[in-house]
Every structure is written in C-alpha cells, then in structure tokens.
Amino acid sequence: MKNFKLCFLAILSSTVFFQSCQKDDIQSQDPNQVNPETEVVSTDESSNKITKEVLSKLSSFYMNTDGVKYVDFLLPDGSTKPMIQVEDDIMMTEQQIMGLEMGGGLEDRNYRTNNLVSQGRTITIIGFTGNPDQGLSRKEQTGLRRAVNNYNQLNGVSISFRLTFGSDYQDKDMVVYHNPDQGGSGGVAGFPENGRPNKFIQIWGLDGFNANVAEHVITHEIGHSVGFRHSDWQTRQSCGPGRGEQAGSVGANAIPGTSAGYNPNSIMVACFSRNDDGEFDRDDIVGLQFMY
C-alpha cells in the first residue's frame, strides 16, 4: 500500500491571496487514490490565535472549524502573505470570512458557491512561465491547455477563456503557476468575488502523473475559481474514510438537474486518482450550464 499526498485547496478570491499547506502522510486504501492531508493547528499572525468571532462566523456558514489556522500563501513573484485555512480546502482573509453571506438549499449532488462570475465574461488566463521555480513545466502547460479547452468547448455556457503563457500576470483574471515548496501532488484555487473569478491557482507534483491528471487537477481548480464547490463536500468520499466538510445548506447551493448521491466521475470530487481522464462528467456540464 502506497502513500500519496494531495491538497485540493480553495481560496476565496480577493485583491491578494496567500497560502501554504502543511501536510501529514495519510495512507490510501486504494493504491490508485490520492488522499488529502490534514493538520490541526490554530494560530494567528498577530496573536497566535483564531478569534471566537471568526470561528463563530465559520460555524454559522456550516464550515468545519477543526484545525482552522493562519498559513502563508506563495505568489508567483515568490513573496508570501498570511491567510486563514479552513477545512484544508479553503483560504480566506479574516475580512472575507466576516463578510460571508447566507444562501441556498441542500438537495442534489453538484454544488455552487453563493458568488459567481459575471455572465458573458471572457476570462483572461495565463500560464506562468516567468522563472524556473514558479513557471509551469511542459506537462503542466499541456494540462492547462486541455483544461481551458474543456471549458471553451462547452455549449450553452456564457463564460469563456482566453489563454496565454508568459510572466506578465498582473492584469490577467487568472494565473496558473507551480508551487515548488509543496510536497505531494495537487492544487489550490478559490471562489469568485464581486463578479470576478478567483485569480491565483497553484499546482504542484503533477509531473509524476500523465497529462490527463494534470488536466484534471487544473480543470478542477478552475472549477472552484468560477464557483464550484466539491461535489462530495459532505463526506469527501472520494478521499476514503475520514472527516468530511461539515454538512449544511449555506454556501453550498444544490444545482438542479444534477444526480443525487455520490458520483465518482465528477471533475469536482475532493480527491483525484492517477486514472482520471481529465474530462467533464455530465453533471459537471449541467452544473456549468445552470450557473452560466
């Protein structure tokens, strides 16, 4: 039985984002399954303590408050800044947490956040190639091209993507780049805010897989960036036995027309397998057509 590492993380979009995922080894029951890691720590950049107000707000938003902590998020230029890590999958500033708004119902399998990208938007996305450390490898670039094609080939969806590669990312809506400091394999993305998609998407450890897996991970992270939550967020069943993201209806709005129950073929399940083909499932397409 072999250990794998993955941290599918999500950050709530803002002017600046920062994250660093601390990991422990977790043993997978399926040798083809990549599992997330958890670490329970509670710190604060100024007082080494997460405030009761923050924990209360997260709880009211039906989010699991175990292991909430401050971590550092790496930017493409190599600088870092603090953000609060929640459920191993979400990165937010304290201001964003306190500004969370209530919404939606809990019914079907695919779920969206309360915030979406403005309808009809052409999203500029750049694959960062500015330096050897944060720049995407050839395989990661191939995965990004395929991921963008997944979205642009859909019918009945009002948003689209315009992809470039380079180092001038400041004016782009999204930037996808490599994090050389992370162990294991996975990515970090986020949720839209004020009609704009999440900007920063980190990936790491994907060169050990085929290009389909890189495509899958990047498609997944772009999915968060335009409003998808994990489709199995209640249980994280795709990751095997363990703690799910706390069940509740707030901020996880059920998408009509998607299948009830667990669908392991969704691009938005919390954990990925080395056998993933990187393509949308029917429910993913229905979800995007409903949102956009």
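This text follows the structure it describes.
This text gives an overview of the structure that appears in the document. (Residues numbered from 1 in each chain as written. Predicted model: local features only at pLDDT ≥ 70, side-chain atom pairs only at ≥ 80, totals over all residues. Heavy atoms only, no water.)

**Thoughts on helix H5 (residues 282-291)**
Keep this limit in mind: In this scheme, a residue with accessible area under 20% of its type's maximum is buried, one over 50% is exposed, and one in between is partly exposed, where area comes from a 1.4 Å probe on protein chains only. Secondary structure elements are taken from DSSP: a helix is a run of H or I of four residues or more, a strand is a run of E of two residues or more, and numbering for both begins at the N terminus. N or O atoms within 3.5 Å of each other form a polar contact, as long as, within protein, one can give a hydrogen and the other can take it, and as long as residues adjacent in sequence are counted only when both atoms are side-chain atoms.
Along H5, the residues classified as buried are Asp 283, Asp 284, Val 286, Gly 287, Leu 288 and Met 291. Here H5 starts with a cap whose side-chain oxygen sits 3.0 Å from the backbone nitrogen of Asp 283, and that cap is Asp 281.

**Section: the packing of aromatic side chains**
To be explicit about the condition: Two rings from Phe, Tyr or Trp (for Trp, the six-membered ring) form a pair when their centres sit within 6.5 Å of each other. Planes less than 30 degrees apart are called stacked, planes more than 60 degrees apart edge-to-face, and all others tilted.
All chains considered together, the criterion is met by six aromatic pairs. Centroid distance Phe 128 to Tyr 169: 5.8 Å. Interplanar angle 80°. Geometry classified as edge-to-face. In this pair, Phe 128 is assigned in strand E8 (residues 122-128) and Tyr 169 in the loop between strand E9 (160-166) and strand E10 (174-178), connecting sequence segments 41 residues apart. Judged by its relative accessible area of 9%, Tyr 169 falls in the buried class. With centroids separated by 6.3 Å and ring planes inclined at 70°, the aromatic side chains of Tyr 169 and Phe 200 adopt a geometry described as edge-to-face.

**As for the pairing of strand E4 (residues 69-74)**
As a reminder, the rule being used: DSSP bridges decide pairing: two strands pair if at least two such bridges lie between them.
Counting buried positions along E4 yields five of six residues, so the element is predominantly enclosed. Alignment of E4 against strand E5 (residues 80-86), held across six bridges, turns out to be antiparallel. Note on E5: the bridge partner recorded for Phe 73 is Lys 81.

**Comments concerning the pattern of salt bridges**
Selection criterion: Take a side-chain nitrogen of Lys or Arg and a carboxyl oxygen of Asp or Glu: if they are within 4 Å of each other, that pair is a salt bridge.
Tallied over the entire structure, the rule returns five salt bridges. The residue Glu 215 makes a salt bridge to Arg 146 at a minimum N-O spacing of 4.0 Å. Placement of the pair is Glu 215 in helix H4 (residues 211-225) and Arg 146 in helix H3 (residues 138-152), with a sequence separation of 69 residues. Classification of Glu 215 by relative accessible area gives buried; the value is 2%. With its nearest N and O atoms 3.0 Å apart, the salt bridge here joins Asp 173 to Arg 196. One end of the pair, Asp 173, is in the loop between E9 and E10; the other, Arg 196, is in the loop between strand E11 (186-191) and strand E12 (200-204), with 23 residues separating them in the sequence. Judged by relative accessible area, Asp 173 falls into the buried class, the value being 7%. Assessed through its relative accessible area of 41%, Arg 196 is described here as partly exposed. Connected via shared salt-bridge partners are Arg 121, Asp 173 and Arg 196.

**Details of the pairing of E8**
Test applied: Here is how to tell: hold the view so the strands point away, follow the path from the first strand over the helix to the second, and if it runs clockwise the crossover is right-handed.
By the criterion of burial, E8 is predominantly enclosed, with six of the seven residues buried. Sheet topology note: the E8/E9 ladder contains seven bridges and is parallel. From the neighbouring strand, Ile 126 faces E9, where its bridge partner is Thr 164. In the classification by handedness, the crossover that spans E8, the intervening H3 and the parallel E9 is right-handed. Here E8 runs beside E10; their pairing, made up of three bridges, is parallel. Across the sheet, residue Ile 125 finds its bridge partner in E10, namely Met 174.

**Concerning the packing of H3 against H4**
Let me state the cut-off plainly: For helices, the axis comes from a line fit to the C-alpha atoms of the stretch in contact; other axes are also lines fit to C-alpha atoms, and the angle between any two N-to-C directions lies between 0 and 180 degrees. Orientation is classified from the angle alone, with under 35 degrees giving roughly parallel, over 145 giving roughly antiparallel, 65 to 115 giving roughly perpendicular, and any other angle giving oblique. Helix crossings get a hand from a simple test, with the near helix turned counterclockwise from the far one by less than a right angle marking a left-handed crossing and a clockwise turn marking a right-handed one. We call two residues contacting when some pair of their heavy atoms lies within 4.5 Å. Under the grouping applied here, Gly and all other residues not named as nonpolar or charged are polar, the nonpolar ones being Ala, Val, Leu, Ile, Met, Phe, Trp, Tyr, Cys and Pro and the charged ones Asp, Glu, Lys and Arg.
As a packed pair, H3 and H4 sit with axes 7 Å apart at the nearest point and diverge in direction by 55°. Judged by the inter-axis angle, H3 sits oblique to H4. Considering only the axes of H3 and H4, their crossing is right-handed. Residues Lys 139, Glu 140, Thr 142, Gly 143, Leu 144, Arg 146, Ala 147, Asn 150 and Tyr 151 of H3 touch H4, and the partners they reach there are Ala 211, Asn 212, Ala 214, Glu 215, Ile 218, Thr 219, Ile 222 and Gly 223. Here the contact of H3 with H4 is composed, by residue class, of seven nonpolar, six polar and four charged.

**Comments concerning the nonpolar core**
The criterion, for reference: By nonpolar core we mean a set of buried residues, namely Ala, Val, Leu, Ile, Met, Phe, Trp, Tyr and Cys, connected to one another through side-chain atoms within 4.5 Å.
Among the nonpolar cores identified, the biggest contains 33 residues, and Phe 161, Ile 222, Val 226 and Leu 288 are the most heavily contacted of them. Those elements that provide at least two residues to this core are E8, H3, E10, E12, H4 and H5. Ranked by residue count, the leading element in this core is H4, at five residues. Discounting residues that sit within four places of it in the chain, Phe 161 has contacts with Ile 123, Ile 125, Val 148, Tyr 151, Asn 152, Met 174, Ile 222 and Val 226.

**Examining the state of the cysteines**
A disulfide bridge is the covalent bond that connects two cysteines by way of their sulfur atoms. What counts is decided by this rule: In this description, the term disulfide denotes a pair of cysteine sulfurs within 2.5 Å.
One pass over the structure, following the stated rule, counts one disulfide. Linked covalently through their sulfurs, Cys 239 and Cys 271 form a disulfide whose S-S length is 2.1 Å. Judged by the sign of its S-S torsion, about 95°, the bond between Cys 239 and Cys 271 is right-handed. On the criterion of sequence distance, the pair formed by Cys 239 in the loop between H4 and strand E13 (253-254) and Cys 271 in the loop between E13 and H5 is long-range, its members being 32 residues apart. Take Cys 271: its relative accessible area is 3%, and that puts it in the buried class.

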